[in-house]
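For reference, the chains in residue letters:
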Amino acid sequence: ILDNLEYGTLAYNNLNEVLFLNSKAEEILGVKYGEIAGVRLTVDLSLRNPKLNKLLGAIFYSKIEPEGQGGFFVSKKEVQKSGESIFLISLKKNQ
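Keep in mind that this is a model prediction, so the values were computed, not measured. (Residues numbered from 1 in each chain as written. Predicted model: local features only at pLDDT ≥ 70, side-chain atom pairs only at ≥ 80, totals over all residues. Heavy atoms only, no water.)

Quick notes on the overall build of the protein chain
Along the protein chain, the regular secondary structure elements total 4 helices and 4 strands. What you see for the protein chain is a C-alpha radius of gyration of 13 Å, in line with the 12 Å of a compact globule of 95 residues. Residues counted as buried form 38% of the 95 residues belonging to the protein chain. Counting only contacts in the protein chain whose residues sit at least 6 apart along the sequence, the fraction spanning at least 24 positions is 33%. For the protein chain, the exposed surface amounts to about 5900 Å²; the carbon and sulfur share of it is 51%. For the protein chain, the centre of its 12 positive side-chain charges and the centre of its 11 negative side-chain charges are spaced 2 Å apart. (Helix = DSSP H or I, 4+ residues; strand = E, 2+ residues; numbered from the N terminus. Rg over C-alpha atoms; globule rule 2.2 N^0.38 Å. Buried < 20%, exposed > 50% of the residue type's maximum accessible area, 1.4 Å probe, protein only. Contact = heavy atoms within 4.5 Å. Areas by Shrake-Rupley, 256 points an atom, 1.4 Å probe, with all protein chains shown as cover. Lys, Arg positive; Asp, Glu negative; His and termini not counted. Charge placed at Lys NZ, Arg CZ, Asp CG, Glu CD.)

Some thoughts on the nonpolar core
Among the nonpolar cores identified, the biggest contains 22 residues, and Leu10, Leu21, Leu29, Leu55, Ile59 and Leu91 are the most heavily contacted of them. Put simply, the parts of the chain that give this core at least two residues each are strand 1 (8–13), strand 2 (18–21), helix 1 (23–29), helix 4 (53–61), strand 3 (72–81) and strand 4 (84–93). No other element matches the 4 residues that helix 4 contributes to this core. (Core = buried A, V, L, I, M, F, W, Y, C linked by side-chain atoms within 4.5 Å.)

A closer look at the sheet that holds strand 4
Spatial strand order, 2-1-4-3: 4 strands in an open sheet with antiparallel pairing. The sheet is open, and its two borders are formed by strand 2 and strand 3, each paired with just one other strand. This sheet shows a mean twist of 20° between the axes of neighbouring strands, independent of strand direction. Looking at chain direction, strand 1 and strand 4 are connected through 6 bridges and run antiparallel. Note on strand 4: the bridge partner recorded for Tyr12 is Phe87. (Pairing = 2+ DSSP bridges. Axes fitted to C-alpha atoms, helices over the stretch in contact; angles between N-to-C directions.)

Here it is as structure tokens:
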């Protein structure tokens with residue numbers, strides 16, 4: 001179901017490990033889930049791997065495109081599960 005959404009969806013935990021990336025999020029962010037599974041994301045990780053710029057922008061800054069270039073609306077929501085925080089992000093193309 002989540003893979004068929006018209007907008008990107010990703011989930012990560014409080015250790016900044018991506019738990020889920022649907023196919024639309026992979027397309028928007030330019031990275032496949034298999035490439036980042038198990039990786040603890042940090043702000044400076046894009047210095048070593050520029051391909052992660054959009055993903056890190058969505059997680060740490062709630063934006064993935066420079067201002068004024070159309071870009072995407074990023075909404076973030078925190079969900080508690082068994083005492084652990086799970087963060088859900090939706091990526092929608094600005095109209």
